Each structure stands twice: as C-alpha cells, then as structure tokens.
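Structural overview
If you want the building blocks of each chain, they are given just below.
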Amino acid sequence: MGIKKNITAFLVIGILGTLFHFVYEWTNENYIIGLFLPVSESVWEHLKLIFYPTLIYSGFEYFTVKNKPDNYIPAVAVSIFCGMFATTALYYIYSGILGFNISFIDISIFFIAVIILLVKRNKILNSEKLNTKNAVITSLILLGITAFRFAVWSYNPPSLGIFTPPVN
C-alpha cells in the first residue's frame, strides 16, 4: 500500500471516526444508529470508532481496487483488532497512571490507533501470511461476531469497567 493510499486511509478513517463520535447525539439518540455508533463515553463504545470507519473504508477499497492480495480480508480484520487493542491499552495505561483522563490524550489515542492499524495492515498485506481461504472465513466470522457484540452490548452492556463511562 503506497503512501498516498495510507494517507487517504488515515484521513477517511480519522474523519469518519471523528464524525461518528457525535452522530448518535445528532440523531436524538436514534436506537438504530446506536447499534453502530457510540451511545456513551465508555471505552467499549469508542472502539466502534475504529471498527466501523475501517470497515467502511476497507469495504469501499475491496470493491474498487483491482488485484487485491488473497490476504486482504484477514489483514483488515487483524488490523482492526490491533487498533482496538491499542486504543484500550493506551487509554487504560495513561488514565491508570494519572488517575483521570484528558480529552486531548483520548483523541490522540484514536489517531495513534488508526496509525497502528494501518501499519499492521500493510505488514500483513506485504507478507504471504493469512492468505488461505480458512483465514478469510475466520476473519469474516470474527468481524461478524464483533459487530453483533457491539449491537447487543450497546444497550445491554455487561457489568465490567470497559463498558462504564469514565467519571470526571
């Protein structure tokens, strides 16, 4: 993936993720929108800002770019999960050390996670790894399960810290 495509991916995912942060509120807390976009300030809900914009960008890219490598879908899946992991880890590390969170750092973490996911995606796309049919099927299943969990846990979250909005 060339530098122009990486910059485009970063901008599209970053802009969509930023906009998506506010859409639920803008739509007067539309139930359907909440299945896909954050309904609270919890870390779990903010992972949707990595997941869905990357899926949208990658879906568009999948259907418009010719000669995709066989490991395209697994590369997208692994990179999304790496971005989500980075978001979670960085947030809990810094807020655990400070004992509180800072909006500027939270926003920066989102963009750092997008960079991490694009780097990981490029590494996989440029390798021969995960280029089997089983890897594609497994990736699609894991992405589907994650989307399902986002929908279910938006309105019925488990009683765990990651699902609880931070207290300022």
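The structure displayed is predicted, hence computed values, not measured ones. (Residues numbered from 1 in each chain as written. Predicted model: local features only at pLDDT ≥ 70, side-chain atom pairs only at ≥ 80, totals over all residues. Heavy atoms only, no water.)

**Some words on the environment of G96**
Keep this limit in mind: Every helix listed is a DSSP run of H or I at least four residues long, and every strand listed is a run of E at least two residues long, numbered separately from the N terminus.
Among the secondary structure elements, G96 is positioned in helix α5 (residues 72–98). Expressed as a C-alpha distance, the spacing of G96 and L140, which sit 44 residues apart in the sequence, is 34 Å.

**Focus on helix α4 (residues 48–64)**
Put simply, the rule is: Given a helix with a known number of residues, its expected span is that number minus one, times 1.5 Å. Residue burial is assigned from relative accessible area. The probe radius is 1.4 Å, only protein chains are included, and a residue is buried under 20% of its type maximum, exposed over 50%, and partly exposed in between. In this analysis, two residues are considered to be in contact whenever any of their non-hydrogen atoms come within 4.5 Å of each other.
Over its 17 residues, α4 extends 24 Å from the first C-alpha to the last, a length consistent with the 24 Å expected when each residue adds 1.5 Å. All of the buried residues in α4 are K48, L49, I50, F51, Y52, P53, T54, Y57, S58 and E61. Looking at the buried side of α4, the elements it contacts are α1 (3–26), α2 (31–36), α3 (43–46), α5, α6 (103–125) and α7 (133–155).

**What about the layout of surface pockets?**
For clarity, the threshold we go by: Grid points spaced at 1 Å over the protein atoms alone were grouped into cavities, where a 1.4 Å probe fits but cannot get out, and pockets, open sets with protein on both sides within 12 Å along at least five of seven lines, with lining residues defined by an atom within 4 Å of a point. Grid points are joined across faces, edges and corners, and a volume is the space filled by probe spheres set on the points. The residue classification treats Ala, Val, Leu, Ile, Met, Phe, Trp, Tyr, Cys and Pro as nonpolar and Asp, Glu, Lys and Arg as charged. All others, Gly included, are polar.
Volume-wise, the largest pocket comes out at about 550 Å³. Lining the largest pocket are 20 residues, and of these H21, E41, H46, D106 and I107 sit closest to its centre. Counting only elements with at least two residues in the lining of the largest pocket, the list comes to α1, α3, α5 and α6. Here the lining of the largest pocket takes 6 residues from α6, the largest share from any one element. For the lining of the largest pocket, a count of residues per class yields 9 nonpolar, 9 polar and 2 charged.

**Remarks on the packing of α4 against α6**
Axis angle and axis distance: for two packed helices, these are the angle between their axes and the distance between the axes, and together they describe the pair. How we decide: To get an axis, fit a line to the C-alpha atoms, keeping to the stretch in contact for a helix; angles then go from 0 to 180 degrees between the N-to-C directions. We call two directions roughly parallel when the angle between them is under 35 degrees, roughly antiparallel when it is over 145, roughly perpendicular when it lies between 65 and 115, and oblique otherwise. Should the near helix be turned anticlockwise from the far one by less than a right angle, the crossing is termed left-handed; should it be turned clockwise, right-handed.
The contact between α4 and α6 brings their axes to 11 Å, and the two run at 40 degrees. The orientation of α4 relative to α6 falls into the category oblique. For the pair α4 and α6, the sense of crossing is right-handed. Here α4 contributes L49, I50, T54, Y57, S58 and E61 to the contact with α6, which in turn contributes F110, A113, V114, L117 and R121. Grouping the constituent residues of the contact of α4 with α6 by class yields 7 nonpolar, 2 polar and 2 charged.

**Considering the pattern of salt bridges**
What counts is decided by this rule: For salt bridges, the criterion is a side-chain nitrogen of Lys or Arg within 4 Å of an Asp or Glu carboxyl oxygen.
Applying the stated criterion across every chain, the model contains 2 salt bridges. Here K48 makes a salt bridge to E45, at a shortest N to O gap of 2.8 Å. Between R121 and E61 there is a salt bridge; the shortest N-O distance is 2.4 Å. Of the two residues, R121 sits in helix α6 while E61 sits in helix α4, which places them 60 residues apart along the sequence. Comparing R121 with E61, the two get one shared label, buried.

**Notes on the packing of aromatic side chains**
For clarity, the threshold we go by: Stacked, tilted and edge-to-face pairs are distinguished by plane angle, under 30 degrees for stacked and over 60 for edge-to-face with tilted covering the rest, among Phe, Tyr and Trp rings (Trp via its six-membered ring) whose centres lie within 6.5 Å. Note on criteria: charge over ring means Lys NZ or Arg CZ within 6 Å of the ring centre, with the direction from the centre no more than 35 degrees off the ring normal.
Inspection of the entire model under this criterion finds 16 aromatic pairs. Aromatic pair Y62 and F63: ring centres 5.1 Å apart, planes at 85 degrees, arrangement edge-to-face. Note on F63: relative accessible area 71%, which makes it exposed. On the numbers, 5.9 Å between centres and 85 degrees between planes, the contact of Y91 with Y94 is edge-to-face. Separated by 3 residues within a single helix, Y91 and Y94 lie in helix α5, roughly one turn from each other. Judged by its relative accessible area of 11%, Y94 is buried. Counting every residue linked through ring pairs, the aromatic cluster contains F36, W44, F51, Y52, F150, W153 and F163. The aromatic ring of Y62 is capped on one face by K68, whose charged end is 4.7 Å from the ring centroid.

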